[in-house]
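# Coordinates in review
Here is how the chains run, residue by residue.
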Amino acid sequence: MNRQWLRKKIEQFDWSIFLVVIALFAVGLIALYSATSQGGSGALRSNFHKQILWGAIGLLLLLGVYLLEKKVLYEWSYIFYGIIFLLLLVTLVVGTGAGSSRWLQVAGIRIQPSEFMKVGLILALAKYLSSHRLNVNNPRILIIPFLLTLLPTAIVFQQPDLGTAMVYAAILLPMLFWANVPLFYLFTIIAPVISVITAFHFASFAIWIGLLLLVLYFSQRTLLVNISHFIGNVSLGLVTPALWNSLKPYQQTRIMTLFDMSLDPKGSGYQVLQSQTAIGSGGLWGRGLGQGTQTHLKFLPEQHTDFIFSVVGEELGFIVVLILLLLFLLLLIRLIHLSSEARGKFSGLVLIGGAALLFFHIYVNIAMTAGLMPVTGLPLPFFSYGGSFLIMCFFLVGVLLNSNSERLE
Amino acid sequence: MFVSDNFVGRGRYLSLMVVVAGLFLILIGRFYSLQIHQHQKYVSQADANRIREVSHQGPRGLIFDRYGALLVDNRFTYMLSAIPWELQKSPRVMGELSQYLDLDNQKLKSRLKEGYRGEFIPVRLASGLTFPTISRLEEHRLELPGVILSNDPIRYYASGARLAHVLGYLREIDRRDLEKFRRTKKYQLGDLVGFNGLEREYEDILCGEKGYRYIQVNAIGQEIGPVEDRDPIQPKPGYNLYLSLDAQLQAYTESQFDTLRGSVVVLNPNNGEILAFVSAPTYDLSIFSGAIDAADWRALEADSTRPLFNRAATGTYPPGSTFKLVTAVAALQEKVVTPKWTVNDPGYYQLGRRRFKCWKPYGHGRVNMFDAIEQSCNVYFYTLIRKVGIDAWAKYAKLLGFGEPTGIDLPEEASGIVPDRKWMDNRYGKGRWTEGHLLNMTVGQGNVLVTPLQMAKYVGILATNGIVATPHFGVAYETEEGQLQQINYPRHQITEIDTSTYRIIKEGMHRVIYGQHGTGWRARVPGADMYGKTGTAQNPHGDDHAWFVGAMMHEQDTLAVAVMVENGGGGGHTAAPIAGKILRKYLQLQEERKVEAPSRMLSGRISQ
C-alpha cells in the first residue's frame, strides 16, 4: 500500500454515491427520531440511539472495505459466501427470534446472517459470471449461479422469510442479464413462476400461454426446446391447482402467511390503509416533524421499521418525498452507469448486483407504504430501524465504491 | 487482472435505465395522487381516526305550573362512572368500589355489563352519592384507576304534586328511538331522552342543544388530551315549559286517592287547559332520575295495582249511566221525542223474553226526560234508545268525542269504543246482534268503552254548548329571549247540535245535583252552579266502578270534571263527593290567590 496508490484510491472515491447515501441516512434518522419520540418510553428512544451507533459502525465498515485492494474482494468472494452460508446453517439450528429463527446470538449481539448473505451472493455470482472460460450461450453455465442462489434461498425460506428469499432471486436475474446471458434463458427461468401464479385464474393462464407460444415462435430455438417449454409450463399450470387442493388447510394457511408477513391482527389491509392515510394527510409540506397524528397516536403500524417512509410522507410532505425518491433514483442510475463503465466484468457485475439489491428493497418497500404492492416486510435501505440490515447496506455501498475504484489499473 | 472485459450491450444498458426510471415515475405519480390529489380525503380520514367527539347535553328545560310554581327542576348529583378497559386491567378495583359504595359486587358487574358501549366509554355505576361516600372515594382516588366522579344534573320534582303519569321520566335512548331521531342526528346511544309523558311529548322544547368537546385518542382508543385546533361547542339549555296544571289543586286531588284506585280529570272546557289530572295508584318519579335499578323497575312493573298505567288517558272503562246523556242528545236533536214525552217505569223493561231491570227495584213510575236524567232511570232510556236506534246514537256519541283520541299532549291515549252498526256487525256478525245489546249500550254498559279523559271532554262540550277544545297541559314555553311562546291546539264548535238541546240536557244535569231525587247532590259546591251525572258501571272483574262527570259554573269560569273510582260502588255515593271536594278546593284556592298575587298568573305574559 504505497502513497500513490492511496492518493489514487481517494481520487477515485465516488462522492456522489457517498453523499447521496449520507443524505438518505440523515433524513432516515430524522424520521426515526420522530417515530421513536412518543409515549415517553425509553425503549423506543434507545432504538434511535442504537441506529446512530450502527450507522457509525456501518460507515467505518464502508471506508474499511473501500480501502481494500480490489482483488481482495475478488479472491475472497467464494470464501466470504461460504462463511456466511455456514452461519446461515448455524442460525437454522440455534437461531432465535419470535416464531422464526433469523438471528444469531454472538456475545450479546444479535446478527442476521441472511442480510450479509445478500452481499455474499452478489460477490460469488459476480466471480463466477466474470470467469474467462464462461460461454454464456451454453445453458449449462446457469447451473452454478442457480445453486449459489437456491441454497441460501432454501434456508431463509425455512426461517420463514419470504421477503429475503425474493431478494436473492431479485439479485440473480439482473446479474445474469448483465452477464449477457441470452434473454431466452432468463425467460426460461421466469416462465415457470408465471405459470404457477396464473394457474389459479383461467383467463390469466390462457393469456400467459398465448404469450408463451408467441415468445417460443420467435425464439428461433429448436422444435424440441420449444415443445418441452410448452409442455412443461402447461402441465405445471395444470398440476399447481390440484397440488394446492391436495394440501391440508393448515398447510395452505402456512403458505398464505408467507405471502402476508404482517403480524398485525387487524390484517395487512389495515396497515396499508393507515399508511396511505398517513402519507395522504401529509400533503405538500407535511404536518411538521413530530406533528403527524397517524404516527404519534400509533395508527401507523411498524412505523420505525417497515413503514418509516410513511412517517416521512406524513410529517415532511410531498416535497421531501419527491426529493428522496429522486435521490434514490439518482443512486440507482449512478450505480447502473458506473456498472456499465466499470473496468472488468467482476466490478460491473458487483455494481449491477448491488443496484438490483438496493432497487428491490427501495421499490418494494416504498410501493408497499403507498399501497401499490402487498405487505412483504422488506425494510427500506438507510431508513428502516435494524442493525444487521443497516450495517449490511453500508457494507454493500463500501463494496460498490470499491468495485468502482482502481479503474486505471 | 479482471479476466473478461466488462462489455454490456447498449440495448441492455438503456432498457435497464428506462425500466428503473419508469418504475420510479409510477411511484412519484402515486405519491402525487395520495398527497396532493386526495390530500383532503386523507386528512379527514386521519382526523376521524384521532378525534373522538364527546357530547354533553345542555341543562334540560324546567317545567312550571300555571302560576309559575316549579314542578320539575334540575339538580346536580354525584355520579360514579368507570372505564371498562381500566376495570378489566385491574380487577380488584371492582371489589373496592363495591365496598366504598356499599353495593353488591354482582350488582355492580351487571350494571357494567348493561351499560357497556365500548372499551373506553365510561359506564355509569352509581348516582346520588352522599358526601361521605364522595370523600372516601376521593381519598382513595389514586388506587382506583378508571373511576370517574362527576357532578351531573338529574330531574328533581320540586312540588308537592307527584304527577307521575303527566310529567313522565327520562331514560337512556334506546336503539329504536335512536333510529327515529337519526334524521336530526341529535342523539347518540346513552343520551337521556324523554321516555314518556310530557318529557317525551315536549322533548324538542325541553332538550336544548348538545355541546361538544373534541378529544384526541390514540390507535387503541385511549384518550390523550383535548384537540387543540378544534374549539368545544357550548351546549344550549332547553326551553322552560309552562303547564296549565294547578299544582296545589293537583296535590289536593292526588291526596283524595291515597287509598283508592281511579282517575280524575279537571279541565277548562272553553280552552282545553287541564288543571288536575290524576291516575291512582301512582309512583314516585324520582326513582327514575339518575340510574334506575332493574330491580326497582321490575317491582313497579310487577305491582298488581299497575301504578305505571295511566288510567286517566289510557284506561278504558264502561261509562255506566253517565252515558245516558248521549242518548238524550241524540233523541232531542233527531226530534225523536220532546223532553215532555214520558215513560212509565215499573222497575223493568220487557224485551221479548228478557227483562231489563231498572236500578230502582219498583221503578220510578212515570218519568219525563228531566226526571229520567235526575234519577238516572234505566227504563226511560231503554224505551228511548229503541226509538233513536244505533245509527243516531253512535253518530252523537262520536260527535261528543267518544271512540277517538282526544288529542291530548301525551304520547299515549286510548280511543275507547263506540259500537256503531259496522262495529257490531264485525263483532257479532250481521244480524247476530240484537236490540238487547243496544239497551245495554244506552246505559253505558256492554261494548261501550271510554277513558276518564274523554268523559271530562264530553261533559265540557255539554257545559259549553258544543265547544270542542283539545285537552292539554302545555300552555307556553320560554324562548331564549325570555319570551313566552304560546302552544296552540285545535278548538272547534260542534254545529250539528242546537243550543236548545244543550239547554235541556243541562237542565237535567242541574237537577241531578239540586233535584229532590238527584243522584249527584254530594257534588254540590257552595257559591257555584253545578251540573252533573252519576254513573255506576258494572264490570265483570269486581265491584262496580263509580263515575261522576260534572261541570261547575262560577263567575266567568267553567270547569269540567270527570271522576272515576275503580270498584268504588255507586257513582253518587263515591265519585260525586270527590268531585265536590276538588271543586270546593278550587274555589278556595282562587279566593286565596285573589288576595295573594294575581300578577303571577301566567295568562298575562303570553305572546301569541
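What you see is a predicted model, and the numbers here were worked out from it, not measured in a lab. (Residues numbered from 1 in each chain as written. Chains lettered and ligands numbered in written order. Predicted model: local features only at pLDDT ≥ 70, side-chain atom pairs only at ≥ 80, totals over all residues.)

## Quick word on the overall build of chain A
What counts, and what does not: Here a helix means four or more residues in a row that DSSP labels H or I, a strand means two or more in a row labelled E, and each is numbered from the N terminus. In this scheme every C-beta is placed from the backbone, and a residue whose C-beta has 20 or more other C-beta atoms within 10 Å is buried, one with 12 or fewer is exposed, and one in between is partly exposed. What counts as a contact is two residues whose backbone-derived C-beta atoms lie within 7 Å of each other.
Looking only at helices and strands, chain A has 16 helices and two strands in total. Every one of the 409 residues in chain A was classed for burial, and the buried ones make up 47%. Partitioning the intrachain contacts of chain A with sequence separation of at least 6 by distance along the chain shows that 70% fall at a separation of at least 24.

## Points about the overall build of chain B
Regarding its fold elements, chain B presents 21 helices and 24 strands. Buried positions account for 41% of the 608 residues belonging to chain B. Restricting to contacts in chain B with at least 6 residues of sequence separation, those with at least 24 account for 73%.

## Quick notes on the pairing of strand S11 (residues 262-267) of chain B
If a strand is regular, its side chains alternate between the two faces of the sheet. Residue and element names in this part refer to chain B. The following threshold applies: Here a strand pair is declared whenever DSSP counts at least two bridges between the two strands.
With six of six residues buried, S11 lies mostly within the body of the structure. Taking every second residue as pointing to the same face, both faces of S11 are buried, with Gly 262, Val 264 and Val 266 on one and Ser 263, Val 265 and Leu 267 on the other. The sheet contact formed by S11 and strand S12 (residues 274-280) spans six bridges and is antiparallel. Bridge pairing in S12 links Gly 262 to Ala 280. What sits between S11 and S12 in their antiparallel hairpin is a turn of six residues, with Gly 272 showing a positive phi close to 85°. Sheet topology places S11 next to strand S23 (residues 557-565); six bridges connect them, and they run antiparallel.

## Focus: helix H9 (residues 202-218) of chain A
All names here are of chain A. Condition: Expected span of a helix: the number of residues minus one, times 1.5 Å. The directions from the helix axis to the C-beta atoms form the arc being described.
The first and last C-alpha atoms of H9 sit 25 Å apart over 17 residues, in line with the 24 Å expected at 1.5 Å per residue. Every buried residue belonging to H9 is among Phe 205, Trp 208, Leu 212 and Leu 216, and all of these are buried. With its buried residues spanning 75° around the axis, H9 presents them on a single face. In H9, those exposed residues whose orientation departs by more than 90 degrees from the buried face are Ala 203, Ala 206, Ile 207, Gly 210, Leu 214, Tyr 217 and Phe 218. Among the structural elements, helix H8 (183-198) and helix H10 (223-246) are those in contact with the buried residues of H9. At the exit of H9 stands Gln 220, carrying a positive phi of roughly 60°.

## Digging into the interface of chain A and chain B
In plain terms, the rule: Amino acids outside the nonpolar list (Ala, Val, Leu, Ile, Met, Phe, Trp, Tyr, Cys, Pro) and the charged list (Asp, Glu, Lys, Arg) are all regarded as polar, and Gly is one of them.
With 43 residues of chain A in contact, the opposing surface of chain B contributes 36 residues. At eleven residues, the largest contribution of residues to the side of chain A that touches chain B is made by helix H14 (residues 308-341) of chain A. In the side of chain A that touches chain B, the residues fall into 22 nonpolar, 17 polar and four charged.

## A short note on the packing of helix H5 (residues 113-129) of chain A against helix H6 (residues 143-158) of chain A
Residues and elements named next belong to chain A. Which entries qualify depends on this criterion: Helix axes are fitted only over the stretch in contact, all axes being lines through C-alpha atoms; the angle between N-to-C directions runs from 0 to 180 degrees. For classification purposes, angles smaller than 35 degrees are called roughly parallel, those larger than 145 roughly antiparallel, those between 65 and 115 roughly perpendicular, and all remaining angles oblique.
With their axes 9 Å apart at the nearest point, H5 and H6 run at an angle of 170° to one another. Relative to H6, H5 is oriented roughly antiparallel. Along its contact with H5, which presents Ser 114, Met 117, Leu 121, Ala 124, Leu 125, Tyr 128 and Leu 129, the element H6 presents Ile 144, Pro 145, Leu 148, Thr 149, Pro 152 and Val 156. Tallied by class, residues from the contact of H5 with H6 come to eleven nonpolar, two polar and no charged.

## Some points on the environment of Pro411(B)
All names here are of chain B. One can find Pro 411 in the loop between helix H16 (378-399) and helix H17 (421-428). We classify Pro 411 as partly exposed; it has 17 C-beta atoms within 10 Å. Put simply, Pro 411 and Asn 196 are 215 residues apart on the chain and 6.5 Å apart in space, counted from C-alpha to C-alpha. Once residues lying within four places of it in the same chain are set aside, the contact partners of Pro 411 are Asn 196, Arg 200 and Glu 201.

## Quick word on the confidence of the model for chain A
Residues and elements named next belong to chain A. To keep it simple, the criterion reads: As a per-residue measure, pLDDT tells how confident the predictor is, with possible values from 0 to 100.
Chain-level pLDDT for chain A is 86 on average; 90% of the residues reach the 70-or-more range. Model confidence for chain A, summarised as mean pLDDT per element, is weakest for helix H11 (residues 249-259) at 66 and strongest for H14 at 95. Here residues 261-265 is a poorly scored stretch, pLDDT under 50, and it has twelve contacts once near neighbours within four places are set aside; other chains count.

## So, the packing of helix H4 (residues 70-94) of chain A against H6(A)
All names here are of chain A. Filter applied, for reference: Working rule for handedness: look at the near helix, and if it is turned counterclockwise from the far one by less than a right angle, call the crossing left-handed; if clockwise, right-handed.
Interaxial distance between H4 and H6 falls to 10 Å at its minimum, and their mutual angle equals 25°. Judged by the angle between their axes, H4 and H6 are roughly parallel. Here H4 runs over H6; the crossing is left-handed. Contact with H4, carried on its side by Phe 85, Leu 88, Leu 89 and Leu 92, involves Leu 151, Pro 152, Ile 155 and Gln 158 of H6 and no other residues of that element. Among the residues making up the contact of H4 with H6, the classes are represented as seven nonpolar, one polar and no charged.

## So, unusual backbone geometry
Of note, the bond from Ala280(B) into Pro281(B) is cis; its omega dihedral lies within 30 degrees of zero at 0°. Positive phi, normally seen in glycine, also occurs at Asn180(A), with a value near 65°.

## Quick look at the environment of Trp393(B)
Residues and elements named next belong to chain B. Looking at the secondary structure, you find Trp 393 in helix H16. The class of Trp 393 is buried, set by 25 C-beta atoms lying within 10 Å. In the structure, Trp 393 is positioned 27 residues away from Asp 420 in sequence and 8.2 Å away in space, judged by C-alpha atoms. Among all residues touching Trp 393, those that are not within four sequence positions of it are Val 326, Thr 327, Ala 330, Ile 385, Val 388 and Thr 442.

## With respect to helix H20 (residues 499-514) of chain B
All names here are of chain B. Between the first and last C-alpha of H20 there are 22 Å, a value that for 16 residues agrees with the 22 Å anticipated at 1.5 Å per step. Considered for burial, the residues of H20 that qualify are Thr 501, Tyr 502, Ile 505, Gly 508, Met 509, His 510, Arg 511, Val 512 and Ile 513. Where H20 is buried, its residues touch helix H14 (324-333), helix H15 (369-375), helix H19 (452-463) and strand S21 (529-539).

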